[in-house]
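# Chain and residue survey
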2 protein chains.
Amino acid sequence: MNIITINLNKDLDEPIYEQLYNHIKKEILRGNYDANTKLPSKRQLSTYLQCSQNTVQNAYHQLIAEGYIFSKPRSGFYVSEIDGIIDLEEVVGDEYGVSKVVSKQKYDFSHQGVDFDSFPFSQWQRVTRETITEEDKGLLESGHPQGDPNLRKSISKYLHQSRGVNCSPSQVIISSGTEYLLQLLIQLFNKDCIYALENPGYEKLSMIFKRNHASYKAIALDKKGMIPKGLEESGANVACITPSHQFPTGCIMPISRRIQLLNWANEEPARYIIEDDYDSEFKYSGKPIPSLQSLDTDGKVIYIGTFSKSLTPGLRVSYMVLPEELINIYKEKLNFYICPVSNFQQKALCKFINDGYFGRHLNKMRNVYKKKREMLVSEVKKQLVDVEILGAKVGLHVLIRVRNGMTEEELIGRARDKGIEINGISKYYIDKPIQEFEPMLLLGFATLEKEEIPEAIRLLSIAWAMANTY
Amino acid sequence: MNIITINLNKDLDEPIYEQLYNHIKKEILRGNYDANTKLPSKRQLSTYLQCSQNTVQNAYHQLIAEGYIFSKPRSGFYVSEIDGIIDLEEVVGDEYGVSKVVSKQKYDFSHQGVDFDSFPFSQWQRVTRETITEEDKGLLESGHPQGDPNLRKSISKYLHQSRGVNCSPSQVIISSGTEYLLQLLIQLFNKDCIYALENPGYEKLSMIFKRNHASYKAIALDKKGMIPKGLEESGANVACITPSHQFPTGCIMPISRRIQLLNWANEEPARYIIEDDYDSEFKYSGKPIPSLQSLDTDGKVIYIGTFSKSLTPGLRVSYMVLPEELINIYKEKLNFYICPVSNFQQKALCKFINDGYFGRHLNKMRNVYKKKREMLVSEVKKQLVDVEILGAKVGLHVLIRVRNGMTEEELIGRARDKGIEINGISKYYIDKPIQEFEPMLLLGFATLEKEEIPEAIRLLSIAWAMANTY
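Predicted model, so just to flag it, every value in this text is computed and none were measured. (Residues numbered from 1 in each chain as written. Chains lettered and ligands numbered in written order. Predicted model: local features only at pLDDT ≥ 70, side-chain atom pairs only at ≥ 80, totals over all residues. Heavy atoms only, no water.)

## Focus: the overall build of chain A
Looking only at helices and strands, one finds 15 helices and 16 strands in chain A. Taken against the 2.2 N^0.38 rule, which gives 23 Å for 470 residues, the C-alpha radius of gyration of chain A at 29 Å runs more than 25% over that of a compact globule. Its C-alpha atoms put chain A at 85 × 65 × 45 Å along the principal axes. Within chain A, the fraction of its 470 residues that count as buried is 58%. Taking all contacts inside chain A whose residues are at least 6 apart in sequence as the whole, residues at least 24 apart take part in 73%. When the accessible surface of chain A is totalled, it reaches about 19200 Å², and 48% of it is carbon and sulfur. For chain A, the separation between the mean place of its 58 positive charges and that of its 59 negative charges on side chains is 5 Å. (Helix = DSSP H or I, 4+ residues; strand = E, 2+ residues; numbered from the N terminus. Rg over C-alpha atoms; globule rule 2.2 N^0.38 Å. Buried < 20%, exposed > 50% of the residue type's maximum accessible area, 1.4 Å probe, protein only. Contact = heavy atoms within 4.5 Å. Areas by Shrake-Rupley, 256 points an atom, 1.4 Å probe, with all protein chains shown as cover. Lys, Arg positive; Asp, Glu negative; His and termini not counted. Charge placed at Lys NZ, Arg CZ, Asp CG, Glu CD.)

## Describing the sheet that holds strand β13 (residues 397-402) of chain A
Residue and element names in this part refer to chain A. Pairing is antiparallel in the open sheet, where four strands are placed in the order β12-β13-β16-β15. Lying at the two open borders of the sheet, with one neighbouring strand each, are β12 (387-390) and β15 (423-424). Both β15 and strand β16 (residues 440-444) contribute to a ladder of two bridges, which runs antiparallel. What sits directly across from Asn423, in β16, is Leu442. Where helix α14 (residues 408-417) meets the sheet, its contacts fall on β13, β15 and β16, and the angle it forms with β16 comes to roughly 35°. (Pairing = 2+ DSSP bridges. Axes fitted to C-alpha atoms, helices over the stretch in contact; angles between N-to-C directions.)

## Thoughts on the relation of the copies chain B and chain A
Between the two copies, chain B and chain A, the superposition gives an RMSD of 0.1 Å; the rotation angle is 180° and the shift along the axis is 0.0 Å. With respect to symmetry, the two chain copies, as superposed, fit the operation of a two-fold axis. For chain B, the smallest separation between a C-alpha atom and the rotation axis is recorded for Arg129(B), amounting to 3.2 Å. A shared binding surface is used by both copies, with 100% of the interface residues of chain B retained as interface residues in chain A. (Least-squares fit on C-alpha atoms with pLDDT ≥ 70 in both.)

## A few points about the interface of chain B and chain A
Contacts between chain B and chain A engage 101 residues on the former and 101 residues on the latter. For the pairing of chain B and chain A, the buried interface totals around 9300 Å² over both sides, and the portion due to carbon and sulfur atoms is 57%. Between the two partners, chain B and chain A, sit four salt bridges. The shortest N-O distance in the salt bridge between Asp34(A) and Lys157(B) comes to 2.9 Å. Scanning the region where chain B abuts chain A turns up 32 residue pairs in polar contact (both at pLDDT 80 or more). Per element, the largest residue contribution to the side of chain B that touches chain A is eight residues, and it comes from helix α6 (residues 149-163) of chain B. Residues that form the side of chain B that touches chain A fall into these classes: 41 nonpolar, 34 polar and 26 charged. (Buried area = accessible area lost by both parts, 1.4 Å probe. Salt bridge = Lys/Arg side-chain N within 4 Å of Asp/Glu carboxyl O. Polar contact = N/O pair within 3.5 Å; in protein donor to acceptor, adjacent residues only side chain to side chain. Nonpolar A, V, L, I, M, F, W, Y, C, P; charged D, E, K, R; others polar.)

## Details of the pairing of strand β12 (residues 387-390) of chain B
Residues and elements named next belong to chain B. Bridge analysis of β12 against strand β13 (residues 397-402) gives four bridges, and the strand direction is antiparallel. By the bridge assignment for β13, Ile389 is matched with Ile400. From the end of β12 to the start of β13, which pair antiparallel, there are six residues, and Gly391 there has a positive phi angle of about 95°.

## Remarks on the packing of aromatic side chains
Tallying each qualifying case throughout the model produces 39 aromatic pairs over all chains. Plain terms: the ring middles of Tyr158(A) and Phe358(A) are 5.2 Å apart, the flat faces sit at 75° to each other, and that makes the pair edge-to-face. Taken together, the residues Tyr158(A) in helix α6 (residues 149-163) and Phe358(A) in helix α13 (residues 357-383) connect sequence positions 200 residues apart. Members of the aromatic cluster, joined through ring pairs, are Phe119(A), Phe121(A), Trp124(A), Phe352(A), Tyr357(A) and Phe344(B). For Lys72(A), the ring lying beneath its charged end belongs to Tyr78(A), and the centroid distance is 4.4 Å. (Phe/Tyr/Trp six-rings, centres within 6.5 Å; stacked < 30°, edge-to-face > 60°. Lys NZ or Arg CZ within 6 Å of the ring centre and 35° of its normal.)

## Concerning a positive patch on the surface
A cluster of like positive charges, contributed by Arg126(A), Arg129(A), Arg126(B) and Arg129(B), occupies part of the molecular surface. Of all the secondary structure elements, the ones that give two or more residues to the positive patch are α5 (121-131) of chain A together with α5 (121-131) of chain B. Along the chain, the position of Arg129(A) falls in helix α5. Classification of Arg129(A) as partly exposed rests on a relative accessible area of 32%. (Patch = residues over 30% accessible without salt bridge, like charges linked within 9 Å, V, L, I, M, F, W, Y side chains within 5 Å.)

## Quick look at the pattern of salt bridges
Tallying each qualifying case throughout the model produces 40 salt bridges over all chains. Of the charged contacts in the structure, one is a salt bridge between Asp355(B) and Lys351(B), with a shortest N-O distance of 3.0 Å. Its relative accessible area of 36% is what places Asp355(B) among the partly exposed residues. In this structure, Glu421(B) and Arg416(B) form a salt bridge, with 3.4 Å as the shortest nitrogen-oxygen distance. When salt bridges that share partners are traced, they join Glu232(A), Glu267(A), Glu268(A) and Arg271(A) into one network.

## Some points on unusual backbone geometry
Residue Phe247(A) is joined to Pro248(A) through a cis peptide bond whose omega torsion reads 5°. Of note, the bond from Asn199(B) into Pro200(B) is cis; its omega dihedral lies within 30 degrees of zero at 5°. By the secondary structure assignment, Pro200(B) is in the loop between β5 (194-199) and α8 (203-211). Unusually for a residue other than glycine, Gln50(A) sits at a positive phi of about 55°. A residue is classified by how much of its surface remains accessible, and Gln50(A), at 43% relative accessible area, is partly exposed. Its identity as a non-glycine residue notwithstanding, His213(A) has a phi of 55°, on the positive side. Position of His213(A) among the secondary structure elements: in the loop between α8 (203-211) and β6 (215-222). On the basis of relative accessibility, which here comes to 39%, the residue His213(A) falls in the partly exposed class.

## What to know about helix α2 (residues 42-49) of chain A
Residue and element names in this part refer to chain A. Within α2, the full set of buried residues consists of Leu45, Ser46 and Leu49. Burial along α2 is one-sided: seen end-on, the buried residues are contained in an arc of 100°. Phi turns positive, to about 55°, at Gln50, one or two residues after α2. (Arc of directions from axis to C-beta.)

## Comments concerning the side chain of Glu179(A)
Positionally, Glu179(A) belongs in helix α7 (residues 178-188). Here the side chain of Glu179(A) touches Lys204(A) through a polar contact of 3.2 Å, side chain to side chain. Glu179(A) has contacts with Lys204(A), Ile208(A), Phe336(B), Tyr337(B) and Ile338(B), leaving out every residue within four places of it along the chain.

## Some remarks on a nonpolar patch on the surface
A cluster of nonpolar residues, Ile255(A), Ile259(A) and Leu295(A), forms a patch on the protein surface that exposes about 240 Å² of accessible area. With respect to the helices, strands and loops of the structure, Ile255(A) is situated in helix α10 (residues 255-266).

## Section: α6(A)
All names here are of chain A. Taking 1.5 Å of rise per residue, 15 residues should cover 21 Å, and α6 covers 20 Å from first to last C-alpha, within 8% of that figure. Of all 15 residues that make up α6, eleven are buried, and the element is covered over most of its length. Inspection of α6 places Leu151, Arg152, Ser154, Ile155, Ser156, Tyr158, Leu159, His160, Gln161, Ser162 and Arg163 among the buried residues, and these make up the whole buried set. Positive phi appears at Gly164, one or two residues downstream of α6, with a value of about 70°. (Expected span 1.5 Å × (residues − 1).)

## Brief notes about the packing of helix α7 (residues 178-188) of chain B against α8(B)
Describing two packed helices takes the angle between their axes plus the distance from one axis to the other. Residues and elements named next belong to chain B. For the pair α7 and α8, the least separation of the axes is 10 Å and the interaxial angle reads 40°. One element, α7, and the other, α8, form an angle in the oblique class. The handedness of the crossing between α7 and α8 comes out as right-handed. The segment α7 lies against α8, with Glu179, Leu182, Gln183 and Ile186 engaging Lys204, Leu205, Ile208 and Phe209. (Parallel < 35°, antiparallel > 145°, perpendicular 65-115°, else oblique. Left-handed = near helix turned anticlockwise from the far one by under 90°.)

## Details of the state of the cysteines
Enumeration according to the criterion identifies zero disulfides over all chains in this entry. Not part of a disulfide, Cys240(A) finds its nearest cysteine sulfur in Cys193(A), a span of 8.7 Å. (Disulfide = S-S within 2.5 Å.)

Honestly, that's just the spatial picture; any functional story needs more than this.
The following block contains the structure:
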C-alpha cells in the first residue's frame, strides 16, 4: 500500500492522530487492507497527509498496542491477521458473479460462445507480445476515431474477399460490439427515424432501441425473411435484417427477396437497410452467398460484422461499413467519439489477420463446426422422434420443431431438470405476443464438445419422453 | 488468399468461366489483390464456388495469357506485378489518417496524451503475455456485463485507498471511455432529466448530451466551481462536475462548496451529482483531497474515473461507481449491454494493478509530471511577461492568462506559426458565447519532454512578442 487517503481535520475535538488511528482501524476491521500488507512508512504518510511524523507514529503505536498492525525491524509496519474480520463483500451482500452469461448447466445449447478448445492461444499470445513495443508510441495516443487505419484496411480486404463487400477503409468504423454500433447509428440517423425489426429476431435489438428512445416496429417473417408488404405498411425507414442467416430461424434470404428489399430502400432517400452478418463466415455447403451489401449500388446498405463468432466474444471487436453519404454525416456529427477498442488490441488483431492466422483459423473452425453440426443433426434424427430440423447449413445453431404435445415452456423446463440449457424461439419474439405456434427450440453447438453431443441429445430424449429405443 | 467470393450465375449470357475471369481481373486492376499473393488452388476454388474445376482452369488460363497472374510449377497461381494498377485507395480519395488527434506541430501543449517515454512497455508486455493462457477459458466468454469481477475488486480497493471512495465491487461498472459511461447514464436516468454542465468545461460533454437528445444547461463557475445559485435556477437535476481539478480552469472545489452541492442534491430524490475525477491522481503539493463521493452519505454521487491519464488513453478503460439505488436500476434496465472492454485487456490490467505495477507507475509519474510542471511554471515566469499562472498544483495542465493586448485567436495563431499547438479557454465554453474575458490559454505538459519546455516557451515569447531579454 503506497498511501492512505483521509482528510485530517484540525478543527475537530478528536486529536489528529486519533482520527488517523480510527480510520486505519476501521479499514482493517472492514477487510479493506489485506493481512500482511505493508503500510506506508511514517515519513511517506506524514508527507502525503501533510501532518507531522509524530502524528503518524502515535497512530501506529496505538494500532500496534491493540494488535491491528505489527512492525518488522528495519522493514516497516504490516497489517496483522485478525480473526473475525468483517469481509466488506459479505456485509454488502455482493454476489458479483451474478448474471454470468454462460450457464452452470452440464450441457449448454445457448447460441452464444465459441469452441473453447480451438482458440489459437499461443498465436494470439505471440502477436500480442510482438505488437507491444516501445518504438510504437502510437499505442499511447487516442488514435483515429473510426479505429486503427491499418486494421480498417485489413478488415475491408477481408470483407471484400470473403463476403463480396465493396468498400474502402475510410468507410469502416471499428467498435466494441454490435450494441455500440447500433447506438452510434441511432445517433447518426434523425430522431424521428423508425426501425423495422425482424420478428422473431435478435432479442437485444428491441431493448437497445427502447433504451435509446428510438421507435421501432416488429415485422413478421416468411421463409424468405422479412415480408416486404409488412415493411412497407409499417412506415419504417430503416430495416434491420440478418439476410445471410436469419436469427433465430436460420433462413437464408433468396436473391429475389434481397432485390425486393433493395428496391424498397431505393424508393425514398431516407430509407436504409442495416445488414447484420453475424455468423455467415461459417457456411458448410452449397455456393457462397455474398453479402446484401455487395448487391447494393446506391449506398443503401449498412453492413455490420463481428469477430465474436469468428474469433471470440471475449475480444469485443465489431465493425460496420457505412455508405459514402453516411460516412460523411458520421464525420460531421460523431467524429468526437473515440474508438472504444484499445490500440493494443487493434494492432494485435491487425497483425493476426495480416500474418494469415485469421484466415487459417476460419478454415479450421469451418471444419470443426461442420463436424459438430453433422453430429448434432445425426443424433437428433437418431434419438429424437417427432422432431423436425430447420435452418440452412450456416452458422452456429440449428432450430428444431418439436411435436410431442408439450409446450415450449415444458420442453425447456424438463431439459433444464436434466442439466441442459436450451432456449425456445418465443424468447426472440418482440414484446412476446401470445401466438399460436408449435414449439421451436434453438440448439447452439459452438461451445459443446463434439463427443458430448450424443449424451446431451440422449438426455433431451429422456427429458422429453421420446426415447426411440425401448 | 483463401477464397474468392463471387455469385456465379448460370442464367446469364456470359459463360461462367468468363464471369470468374472478369471478376478476378477487375480485382487485380483495382489493386484489391496484392502482387505475389497466392490465389486459391483450382480444387479449392471450384469446391468453394460449387463449379467445375474446368471453369476455374479456363478463367486462370485466360488470366495467365493476359499477364494478370502467373503460375509457379508445383506451387500454384500468383498475382502479377502490374504497372499502372489503379489503387482503390487513391480512386476513392481516402485520406484515412484524417482528424488524427495528436497534432503535427513541433511542440504540442494540448491537454491530451501522457508521457510517451514513461509507459511501462516491458511490464505491460509481461502481464499481457502471462494472462493469455489456455487454462483460462473465461477469456473466451462474454463475461460479466459490469466488467471482470476481479478487476472491479482491484479498482474499488484502489479508489478507496487513493481517493477515499466508498464502494463495493458490485457498484463498479467498467467501460471503454467516459463517453460511453455517460451514454449509459443518459439511458439510466429518465428521459426528461436535465443535466447541468460546467461552463467552461470538457468540450465533449455537451456534444454527447446533444447527440443523445438529452437536455442540458450551461452553469457559470466562480473560483470555487459551479455556482449553486445558477444550478438551482437552471432547473437541472443532475450536475456534472470536476471538483478535484476543474477542467479547464484548474480550480479545486473547497469543502464549503462541496457541501453546498451535496445539500442541493439531497433536496430532491431525483437529484444527482456526476463527479468526473479525470486526473486527480496527480496532486503535487498540499494535503490530498478525497473525492466528493467520499463525503456522500446519501447515495447521491456517481463517481467516474479513467486509466487514460494514469496509464494511457490507448488502453480505453474507464469506470464508474454507482450508488446502491442506481446500481439496482442499472441491473434492471441495462444489464443486457456487454462490457465493451476485452477480457484479455481486463485481466491484464487487473494483474498489473494487483502485482503492484500500477501503484509504482503512479508514484513514478507523479514525480515525472511534477518536474515537468515545475519546469513549465518556472520558464513561463522567466520568459513570458504579462502572464499570470492559474490553477491548482494538480493534473496535467496549467492555465495562463495573457495580458499583452492580443486576442485569444491571435495568440493561438501566432503560436501555431512558430510550430506550437495550444488551446484557448473559449473552446471550452458551451455554445461559445461572445463573452468579454481576457485571453486564457491551456498549457498541457504531459506529452512534452521536460528538456523541450524551455525552447517551446521561448518560441511562445517570440510569437507573442514579449521576449523578456533584448
